[in-house]
Amino acid sequence: KGAQVNAPDLRAGAALTLAGLAAEGFTQVGGIQFIQRGYENFDDKLRSLGADIQKIDTADTDRIEKFRQKCS
């Protein structure tokens, strides 16, 4: 099932994102700065493969970006 998760590092963040795409429902991945630094246009590449994924800004003052994704 989808969940809110936080990426502790590059590879774990990518794995959590892929697991979220396979999960039923919505998954929100925080801490994506690690993923973005290590994998260029990660969300665009997944989207080109048919993933329902989007990058969102939270309302926090830190302007933390997250991936929000849904598996049908």
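Residues numbered from 1 in each chain as written. Predicted model: local features only at pLDDT ≥ 70, side-chain atom pairs only at ≥ 80, totals over all residues. Heavy atoms only, no water.

## Quick word on the nonpolar core
So, step 1. Residues Ala7, Ala14, Leu21, Val29, Ile32, Ile35, Phe42, Leu46, Ala51, Ile53 and Phe67 constitute the largest nonpolar core, which totals 11 residues.
So, step 2. Where this core is concerned, the elements lending two or more residues are helix H1 (10-22) and helix H3 (42-48). (Core = buried A, V, L, I, M, F, W, Y, C linked by side-chain atoms within 4.5 Å. Buried < 20%, exposed > 50% of the residue type's maximum accessible area, 1.4 Å probe, protein only. Helix = DSSP H or I, 4+ residues; strand = E, 2+ residues; numbered from the N terminus.)

## Points about the pattern of salt bridges
So, step 1. Scanning the entire structure with this criterion turns up 2 salt bridges.
So, step 2. Taking the shortest distance from any N to any O, the salt bridge between Arg47 and Asp43 comes out at 3.4 Å. Taken together, the residues Arg47 and Asp43, both in helix H3 and 4 residues apart, mark about one turn of the helix.
So, step 3. You can call Arg47 partly exposed: its relative accessible area is 36%.
So, step 4. Classification of Asp43 as buried rests on a relative accessible area of 8%.
So, step 5. What emerges from the salt-bridge pattern is a single network uniting Asp43, Asp44 and Arg47. (Salt bridge = Lys/Arg side-chain N within 4 Å of Asp/Glu carboxyl O.)

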